[in-house]
Amino acid sequence: MATRVKRAFKYRFYPTDAQAAELSRTFGCVRKVYNMALAARTEAWVRQERVNYNQTSAMLTAWKKTGELAYLGEVSSVPLQQALRHLQTAFANFFAKHAKYPRFKAKKKSRASAEYTSSAFRFRDGRLTLAKMAEPLDIVWSRPLPEGAVPTTVTVSRDSAGRWFVSMLCEDPWVKPLAAADTAVGIDVGLDHLLTLSTGGKIANPRHERRDRERLAKAQRGLSRKAKGDGANRRKARKRVARIHARITDRRQDHLHKLTTRLVRENQTLVIEDLTVRNMVKNRSLARAISDAAWAEFRSMLEYKAGWYGREVIAVDRFFPSSKLCSACGSLAEAMPLNVRTWTCGSCGTAHDRDVNAAENLLAAGLAVSVCGAGVRPQRRTPGGQSAMKQKTQRREP
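Residues numbered from 1 in each chain as written. Predicted model: local features only at pLDDT ≥ 70, side-chain atom pairs only at ≥ 80, totals over all residues. Heavy atoms only, no water.

1. A look at the sheet that holds strand β12 (residues 312-316)
Note the cut-off: We treat two strands as partners when DSSP finds at least two bridges between them. Working definition: helices are DSSP H or I runs of at least four residues, strands are E runs of at least two. Numbering for both runs from the N terminus. Here an angle of 0 to 180 degrees is reported between the N-to-C directions of two axes, which are lines fitted to C-alpha atoms, with helices fitted over the stretch in contact. Residue contacts are defined here by distance: any two heavy atoms, one from each residue, within 4.5 Å place the two residues in contact.
Taken together, the five strands give an open sheet; going across it, the order is β10-β9-β8-β11-β12, and neighbouring strands pair in mixed fashion. Each end of this open sheet is capped by a strand with a single partner; those strands are β10 (202-204) and β12. Each neighbouring strand pair of the sheet contributes to a mean axis angle of 25°, computed without reference to strand direction. The pairing of strand β11 (residues 269-273) with β12 spans five bridges and is classified as parallel. Among the inter-strand pairings, I272 is bridged to a residue of β12, identified as A315. Strands in contact with helix α6 (residues 232-266) are β8 (184-189), β9 (193-197), β10 and β11; relative to β9, the strand with the most contacts, it is inclined by about 0°.

And the structure:
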């Protein structure tokens, strides 16, 4: 039976000049309202008072009546209310200790976006018209929406490269749990190889950033030479840099989507190791390579797709000595420097590939947890659970 899964379908669109101007005004108002509400809640926090969504919504109504902020009433009110709801969620996550204290949105660094609920857009015959707009958006339908799907939420965004996107949240009736399989795989992430599987297979690291590193460096040098400020030449140079970054990101996401979909389809149980990527990128010599490998993004994709298709992801504690433990006899090596890629067990004489051995140990530990809940300290075991990723890197990128 098909499961009702909410999926966001993202498309590129090309706004008219009037639509671009209206959306740009909306983005600015959304950022303004979010920052003002955050400032008000922060001041209340200092006074040991709490302000909730209803109170910030009342503030928004009062702001619109002032001469200085009357322009907030010129755009659709729905994206502004949604910004307050997002702020409420951010504070809820903070109080639950799931996230840091909310931060202000900077004009140049924050994502330009606005969220519309069903009362603020019209979707008919494949044509999407937003509130305050007379014409529908010119969307490039790179893939069809599920038959009969009606968007419940629409998010419009503009990236730093100047590209416009619309994301439509719909129920997808065609996502079905796959037939149960008897296969399981341990997955060890790295830099020399992006993934090493317990089956012995290895997935090459595409190093997407390195492929465009020369072009990126040239564009960044050009940007650094432009006069500071908001001049036309500096804006053009900034956009050239952003386009290269966007190209790298698009390639990386495409590769990860294909890879995670294949792994989820082929395996019932997938065992990975918990990683604290946020701490790992503090290593200046490896930060660039770790960011390019996108281990956290790989983990996120693996988990939500496992949830869709009825698979299981098990995360093993990052302190589990997967690399130093002999998968044949279980003896533990005293030391295992990162430059050691192959080693021989001193107890049983088995020769190991460091990464394959680690993947095999992860699989065994994950299955032990799955069967009897013992062996290692696991993170949450879920179809589509959450955690960070693996605290291990391979030798420095050449």
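2. A look at the environment of L259
Examined against the element boundaries, L259 turns out to sit in helix α6. Apart from residues lying up to four places away in sequence, L259 is in contact with L194, L195, I203 and F298.

3. Points about the domain arrangement of the chain
Heads up, the condition is: Residue ranges for the domains trace back to a domain assignment, done automatically or taken from a database.
As far as domains go, the chain holds domain 1 (5-172) and domain 2 (177-220 + 257-375). Averaged C-alpha coordinates put domain 1 and domain 2 at centres separated by 37 Å.

4. Remarks on the packing of aromatic side chains
This is how it is decided: Note on aromatic pairs: the rings of Phe, Tyr and Trp (six-membered ring only in Trp) are paired at centre separations within 6.5 Å, and the planes decide the class, stacked below 30 degrees, edge-to-face beyond 60, tilted for the rest. Here the term buried applies to any residue with accessible area under 20% of the maximum for its type, exposed to any over 50%, and partly exposed to those in between, with areas from a 1.4 Å probe on protein chains only.
Taken as a whole, this structure holds 13 aromatic pairs when the rule is applied. When the ring of F91 is compared with that of F95, the centres are 6.0 Å apart and the planes differ by 35°; the resulting orientation is tilted. With F91 and F95 both in helix α3 (residues 77-95) and four residues apart, this pair spans about one turn of that helix. The class of F95 is partly exposed, set by a relative accessible area of 30%. Here the aromatic cluster, defined as three or more aromatic residues joined through ring pairs, consists of W45, F91, F94, F95 and Y101.

5. Brief notes about the UniProt feature "domain: Cas12f1-like TNB" (unreviewed entry) in the chain
Let me state the cut-off plainly: UniProt positions are given in the numbering used here, feature names are shortened, and annotations may be inferred rather than shown by experiment.
UniProt records the feature "domain: Cas12f1-like TNB" (unreviewed entry) at residues 295-362, using the numbering of this structure. In residues 295-362, helix accounts for 35% and strand for 16%; the two terminal C-alpha atoms are 16 Å from one another.

6. With respect to the sheet that holds strand β5 (residues 139-140)
The five strands lie next to each other as β2-β6-β7-β1-β5, forming an open sheet whose pairing is antiparallel. Both outer strands of the open sheet, β2 (112-117) and β5, are each paired with one neighbouring strand and no more. Strand direction decides the pairing type here: strand β1 (residues 5-13) and β5, joined by two bridges, are antiparallel. Its bridge partner being in β5, F13 is matched across the sheet by I139.

7. Notes on a positive patch on the surface
As a reminder of what qualifies: Patch members must show over 30% relative accessible area and no salt bridge, and they are joined within 9 Å when carrying like charges or within 5 Å when they are nonpolar side chains of Val, Leu, Ile, Met, Phe, Trp or Tyr. Note on areas: Shrake-Rupley with a 1.4 Å probe; residue coverage comes only from the protein chains shown. Only one rule defines a salt bridge in this text: a Lys or Arg side-chain nitrogen within 4 Å of an Asp or Glu carboxyl oxygen. As used throughout, the charge tally considers Lys and Arg to be positive and Asp and Glu to be negative, leaving His and the chain termini uncounted. Where a charge lies is defined by one atom per residue type: Lys uses NZ, Arg uses CZ, Asp uses CG and Glu uses CD.
On the surface, a cluster of positive charge is made up of R12, K236, K239, R240 and R243. No other element matches the four residues that α6 contributes to the positive patch. Looking at the secondary structure, you find R243 in helix α6.

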